[in-house]
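Observations on chain architecture
Given next are the chains, with one letter for each unit.
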Amino acid sequence: MDYLIRGISMDKRIVAYVARTTDLVEQARKIHKASPTAIAALGRTLTLAAIMGKMLKKDEERISLQITGNGPLGNIFAEADPKGNVRGFIKRAYIDLPPTPDGKLDVPSAIGKDGTLSVIRDLGLKEPYRGVVPLISGGIAKDLAYYFTYSEQLPSAVAAGVYVNKDGRVISAGGYIVQIIENADNDMVDILESNIKNLDPPSKMILEGKTPEEIMSKIFKNIDYEQFSREDLKYSCRCNRERAENTLIALGIKELEELIEKEKSIEVKCEFCGKIYIFNKNNIEEIINQLKNKT
């Protein structure tokens, strides 16, 4: 079961989020038929988006991470909400690269360092807030840490990882975000930095059977902290037929009329979950008539 826990130092100046996301990342791999390199990139993005979703205050709010690099994978997108629902897609899920010399999946080369990381916060206002920073590593976690530090002035440690077995299945995934939310005691910061420096990658710790609670205890080693109850995370899409119909409406009357002259039906496929919505000729004609009545 995928879940997240939160921890905060007793002086309320350091907050940490630790998540296990193995199941939801494996589900994403199956949906997108992703290669090992592609699911490593998408899985890291999903994991961090899921954690950031739990930072939101209201149920109707959403947060998205968008990564656009000059590497072969293309655009990566993940969206999450405070209820633990997360979904995402990757443009070229079939792309796979040889591992690095130390045997790791080469996510930075697949994403590319020339590009941007966008954080989009939909707080239910007229326009969502968008923060954009240049990619500094292409590894995703360091890029998000850079965003937190320089766009939100929140010094942060960020890590996310995905471990894929020889069959291409995801057998461990997870990550953490640790933030200094107020000026903390220098000695405490030194302890925190040392603790994080000595941590293994999240995917390795989870593969070894360590729980988010155990990882949290390592982050706060020698620091008094309080841990909050676990909150479930899951891959969940909010697509429906109405949203698929809106996609067709956006095409306009002329293009819809051209389509039904050539095709007996139109399929709209959700890029997040792969579900297909079929609209026959009568359905399309109804949409066209609705559009004509509005003009």
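So, here is what we can say about the structure in this document. Since the structure is predicted, the reported quantities are computational estimates derived from the model, not experimental observations.

Observations regarding the packing of aromatic side chains
- As enumerated under the stated definition, the model contains 6 aromatic pairs in all.
- Centre to centre, the rings of Phe89 and Phe272 are 5.4 Å apart; their planes meet at 65 degrees, and the pair counts as edge-to-face. Placement of the pair is Phe89 in strand β5 (residues 85–90) and Phe272 in the loop between β13 (265–269) and β14 (276–280), with a sequence separation of 183 residues.
- In this structure Phe89 comes out as buried when scored by relative accessible area, which is 14%.
- Looking at Phe272, the relative accessible area reads 9%, which means it is buried.
- Among the aromatic side chains, those forming a connected cluster through ring pairs are Phe77, Phe89 and Phe272.
- Across the ring face of Phe272, the terminal group of Arg87 is positioned such that the distance to the ring centre comes to 3.8 Å.
- The ring of Tyr3 has Arg230 lying over it, and the distance from NZ or CZ to the ring centre is 3.6 Å.

Considering helix α2 (residues 36–53)
- Taking 1.5 Å as the rise per residue, α2 with 18 residues should run 26 Å; its terminal C-alpha atoms sit 25 Å apart, in good agreement.
- Most of α2 is tucked away: 17 of the 18 residues are buried.

What about unusual backbone geometry?
- Positive phi outside glycine occurs at Lys33, with the angle close to 50 degrees.
- The backbone of Ile140 sits at a positive phi, close to 80 degrees, despite the residue not being glycine.
- The class for Ile140 is buried, based on a relative accessible area of 4%.

Looking at the side chain of Asp81
- Here Asp81 is to be found in the loop between β4 (76–80) and β5.
- Salt bridges are absent for the buried Asp81, whose nearest opposite-charge side chain, Arg62, sits at 5.2 Å.
- Polar side-chain contacts of Asp81 include one of 2.9 Å to the backbone nitrogen of Lys83.
- Engagement of the side chain of Asp81 in a polar contact is seen with the backbone nitrogen of Gly84, the distance being 3.2 Å.
- Leave out the neighbours within four places in its chain, and Asp81 touches Gly53, Lys54, Glu61 and Arg62.

Things to note about the layout of surface pockets
- Roughly 1000 Å³ of volume is contained in the largest pocket.
- Contributing to the lining of the largest pocket are 34 residues, with Arg44, Lys104, Ala160, Gly161 and Pro201 lying nearest its centre.
- Where the lining of the largest pocket is concerned, the elements lending two or more residues are α2, α4 (141–151), β8 (156–164) and α6 (202–207).
- Top element by residues in the lining of the largest pocket is β8. It accounts for 9 residues.

So, the sheet that holds strand β12 (residues 234–235)
- Taken in spatial order, the 6 strands make up an open sheet running β7-β6-β3-β4-β5-β12, and their pairing is mixed. The two strands at the open ends of the sheet, each matched to only one other strand, are β7 (129–134) and β12.
- Looking at chain direction, strand β3 (residues 62–68) and β4 are connected through 5 bridges and run antiparallel. Bridging across to β4, Leu65 finds its partner in Ala78.

Section: the pattern of salt bridges
- Here the structure, examined in full by the defined rule, presents 13 salt bridges.
- For Glu231, the salt bridge identified is with Arg6, shortest N-O distance 2.7 Å. Here Arg6 lies in strand β1 (residues 3–9) and Glu231 lies in strand β11 (residues 231–232), a separation of 225 residues in the sequence.
- Arg6 gets classed as partly exposed once you look at its relative accessible area, which sits at 22%.

A few points about a nonpolar patch on the surface
- A contiguous nonpolar patch, built from Tyr163, Ile171 and Leu207 and spanning about 240 Å² of accessible area, is present on the exposed surface.
- With respect to the helices and strands, Tyr163 occurs in strand β8.
- For Tyr163, a relative accessible area of 38% translates into the label partly exposed.

Remarks on the pairing of β5
- Burial within β5 is extensive, with 6 of its 6 residues counted as buried.
- Burial along β5 is two-sided: the residues Asn85, Arg87 and Phe89 and Val86, Gly88 and Ile90 are all buried.
- The pairing of β4 with β5 spans 5 bridges and is antiparallel. Looking across to β5, one finds that Ala78 is bridged to Gly88.
- In textbook terms, the turn of a hairpin is the stretch between consecutive antiparallel strands, and for β4 and β5 this stretch comprises 4 residues, one of which, Gly84, has a positive phi near 95 degrees.
- When β5 meets β12, the two strands line up parallel, connected through 2 bridges. Along β12, the bridge assignment pairs Val86 with Tyr235.

Definitions and cut-offs
Residues numbered from 1 in each chain as written. Predicted model: local features only at pLDDT ≥ 70, side-chain atom pairs only at ≥ 80, totals over all residues. Heavy atoms only, no water. Phe/Tyr/Trp six-rings, centres within 6.5 Å; stacked < 30°, edge-to-face > 60°. Helix = DSSP H or I, 4+ residues; strand = E, 2+ residues; numbered from the N terminus. Buried < 20%, exposed > 50% of the residue type's maximum accessible area, 1.4 Å probe, protein only. Lys NZ or Arg CZ within 6 Å of the ring centre and 35° of its normal. Expected span 1.5 Å × (residues − 1). Lys, Arg positive; Asp, Glu negative; His and termini not counted. Salt bridge = Lys/Arg side-chain N within 4 Å of Asp/Glu carboxyl O. Polar contact = N/O pair within 3.5 Å; in protein donor to acceptor, adjacent residues only side chain to side chain. Contact = heavy atoms within 4.5 Å. 1 Å grid on protein atoms, 1.4 Å probe; cavity = no way out; pocket = protein on both sides within 12 Å on 5 of 7 lines; lining within 4 Å. Points joined across faces, edges and corners; volume = space filled by probe spheres on them. Pairing = 2+ DSSP bridges. Patch = residues over 30% accessible without salt bridge, like charges linked within 9 Å, V, L, I, M, F, W, Y side chains within 5 Å. Areas by Shrake-Rupley, 256 points an atom, 1.4 Å probe, with all protein chains shown as cover.

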